[in-house]
Amino acid sequence: MDRVKTGIEGLDEMLNGGIPKNRHVTLYGGPGTGKTSFAFEYIYKGAQQGEAGVYISLEETAEDIISNMKTTFPMFEDVEKLINSKKMEIIKPDTLGLDGVAGILEDRILSNKIKRVVIDSLTIMKMTSGVDEYRPMLFEFLSLLRGLDCTSMTTLEASKINKETVEYDIEHFVMDGIINLYNLDRKDKRIRALEIFKLRGTNHSRDLVPFKVTPSGIKVYTGEKVF
Ligand SMILES: Nc1ncnc2c1ncn2[C@@H]1O[C@H](COP(=O)(O)OP(=O)(O)OP(=O)(O)O)[C@@H](O)[C@H]1O
Ligand SMILES: [Mg+2]
């Protein structure tokens, strides 16, 4: 199985080499758990290696994403250069529905040989469709992505997430892979941790491990325990 390396330190090791090519993985987490940072680094690291990527932001403007990420990751110095050379594109579509976003992706993938796609967030797209039509639409959308020969990362907002009582949404069943991001409550602070909850067709780490958002990128501390 071919793998796409996320480029995020420690994460590829946990994924047994990377995300299986042409599959989709969701970053599932509460507010501020690092969903946007993970997704941005995935596109950035791909762009650096010459793999073009598109980041679809459904809520924040492209300018806001770039400005926030430049502050979060000051050592990603070539972001502007990669954007100017179209190795990475950050788009805020006028439309929020699955159909509209699919159209934008098809266009970009055909014209710019995009290999990596991010949708931040699926939760916003979900709000635009009825309950009954969402699951088949999402399934169709994900099949389309796979058919377009790109490996995607989406974000999904968890309104309630703790390790003991995860409530399952439709996406948990439809997605190829799910990475849970936690902001664990400790006595006098919160600790960031993640686990690979599901990844179809491959072995992967089942550990809950700590991670940090640092100026040079996210660091996942594989093999370390969360205290
Ligand atoms: N330079 C930095 N160093 C350490 N932590 C940072 C830095 N910049 C941002 N952060 C942390 O990252 C968090 C935001 O991460 P991010 O925007 O990726 O989360 P998110 O899950 O996308 O949030 P939301 O649900 O609001 O979209 C901030 O709340 C802050 O704690
Ligand atoms: Mg975000």
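Above this note sits the structure.
Residues numbered from 1 in each chain as written. Chains lettered and ligands numbered in written order. Predicted model: local features only at pLDDT ≥ 70, side-chain atom pairs only at ≥ 80, totals over all residues. Heavy atoms only, no water.

Visitor: Can you walk me through the overall build of the chain in this structure?
Guide: Helices and strands together make up the secondary structure of the chain, namely eight helices and eleven strands. In terms of C-alpha radius of gyration, the chain reaches 16 Å, essentially the compact-globule figure of 17 Å for 227 residues. Reported as C-alpha extents along the three principal axes, the dimensions of the chain are approximately 50 × 45 × 35 Å. Counting only residues that meet the buried cut, the chain has 52% of its 227 residues in that class. Taken together, the 31 basic and 34 acidic charged side chains of the chain have centroids lying 5 Å from each other. (Helix = DSSP H or I, 4+ residues; strand = E, 2+ residues; numbered from the N terminus. Rg over C-alpha atoms; globule rule 2.2 N^0.38 Å. Buried < 20%, exposed > 50% of the residue type's maximum accessible area, 1.4 Å probe, protein only. Lys, Arg positive; Asp, Glu negative; His and termini not counted. Charge placed at Lys NZ, Arg CZ, Asp CG, Glu CD.)

Visitor: Before we go on, may I ask you to explain the site of ligand 1 in this structure?
Guide: Residues in contact with ligand 1, as listed here, are Gly30, Pro31, Gly32, Thr33, Gly34, Lys35, Thr36, Ser37, Thr71, Thr72, Arg192 and Val213. Gly34 places a main-chain nitrogen or oxygen 3.0 Å from an oxygen atom of ligand 1. Protein coverage of the free-state accessible area of ligand 1, which is 650 Å², stands at 58%. Contributions of two or more residues to the shell around ligand 1 are made by α2 (35-48) and α3 (62-72). Of all the elements, α2 adds the most residues to the shell around ligand 1, at three residues. Looking at the shell around ligand 1 residue by residue, the classes come out as two nonpolar, eight polar and two charged. (Near = heavy atom within 4 Å. Polar contact = N/O pair within 3.5 Å; in protein donor to acceptor, adjacent residues only side chain to side chain. Areas by Shrake-Rupley, 256 points an atom, 1.4 Å probe, with all protein chains shown as cover. Nonpolar A, V, L, I, M, F, W, Y, C, P; charged D, E, K, R; others polar.)

Visitor: For this particular structure, what's the right way to read the pairing of strand β5 (residues 88-91)?
Guide: Walk down a regular strand and you will see the side chains alternate between the two sheet faces. Residue alternation in β5 divides its side chains into two sets, Met88 and Ile90 and Glu89 and Ile91, and both sets are buried. Examined bridge by bridge, strand β4 (residues 53-57) and β5 share four bridges and lie parallel to one another. Along β5, the bridge assignment pairs Gly53 with Met88. (Pairing = 2+ DSSP bridges.)

Visitor: How should I be thinking about helix α5 (residues 98-112) in this particular structure?
Guide: Given a rise of 1.5 Å per residue, 15 residues ought to cover 21 Å, and the 21 Å separating the end C-alpha atoms of α5 matches this to within 8%. Taken residue by residue, α5 has Leu98, Val101, Ala102, Ile104, Leu105 and Ile109 as its buried positions. Down the axis of α5, the buried set is contained in an arc of 160°. They therefore lie on one face. Across α5 from its buried face, at more than 90 degrees, point the exposed residues Asp99, Leu110 and Ser111. (Expected span 1.5 Å × (residues − 1). Arc of directions from axis to C-beta.)

Visitor: Whenever I open this one, the packing of α5 against helix α7 (residues 131-147) confuses me. Can you help?
Guide: When two helices pack together, their arrangement is given by the angle between their axes and by how far apart the axes lie. At a minimum axis distance of 11 Å, the contact between α5 and α7 shows a crossing angle of 5°. When the axes of α5 and α7 are compared, the pair comes out roughly parallel. Here Leu98, Val101, Ala102, Leu105 and Glu106 of α5 lie close against α7, whose contacting residues are Met137, Leu138, Phe141, Leu144 and Leu145. Of the residues in the contact of α5 with α7, the class split is nine nonpolar, no polar and one charged. (Axes fitted to C-alpha atoms, helices over the stretch in contact; angles between N-to-C directions. Parallel < 35°, antiparallel > 145°, perpendicular 65-115°, else oblique. Contact = heavy atoms within 4.5 Å.)

Visitor: Just to check I follow, could you spell out the sheet that holds strand β3 (residues 24-29) for this structure?
Guide: Overall, mixed pairing links the nine strands, which are arranged β5-β4-β6-β7-β3-β8-β9-β10-β11 in an open sheet. Of all strands in the sheet, those bounded by a partner on one side alone are β5 and β11 (217-220). Pairwise comparison of adjacent strand axes, ignoring direction, gives a mean angle of 20° for this sheet. Where β3 and strand β7 (residues 151-157) come together, six bridges link them in parallel fashion. From the neighbouring strand, Leu27 faces β7, where its bridge partner is Thr155.

Visitor: Would you explain the side chain of Thr36 in this entry?
Guide: Position of Thr36 among the secondary structure elements: in helix α2. Within the local environment of Thr36, its side chain forms a polar contact with the side chain of Asp120, the two groups lying 2.8 Å apart. Setting aside residues no more than four positions away along its own chain, Thr36 makes contact with Tyr55, Glu60, Ile65, Met69 and Asp120.

Visitor: Looking at this structure, how should I read α3?
Guide: Among the residues making up α3, those that are buried are Ala62, Ile65, Ile66 and Met69. Looking down the long axis of α3, one finds its buried residues gathered within 95° of arc, a one-sided arrangement. Every exposed residue of α3 that faces more than 90 degrees away from the buried side is listed here: Glu63 and Thr71. Residues of α3 that are buried in the fold lie against α2, β4, α4 (79-84) and β5.

Visitor: Before we go on, may I ask you to explain the pairing of β4 in this structure?
Guide: When you tally the buried positions in β4, you get five out of five residues, the bulk of the element. Side chains Gly53, Tyr55 and Ser57 of β4 all project onto a buried face; the interleaved residues Val54 and Ile56 project onto the opposite face, where all are buried too. The sheet contact formed by β4 and strand β6 (residues 116-120) spans five bridges and is parallel. Of the residues in β6, the one forming a bridge with Ile56 is Ile119.

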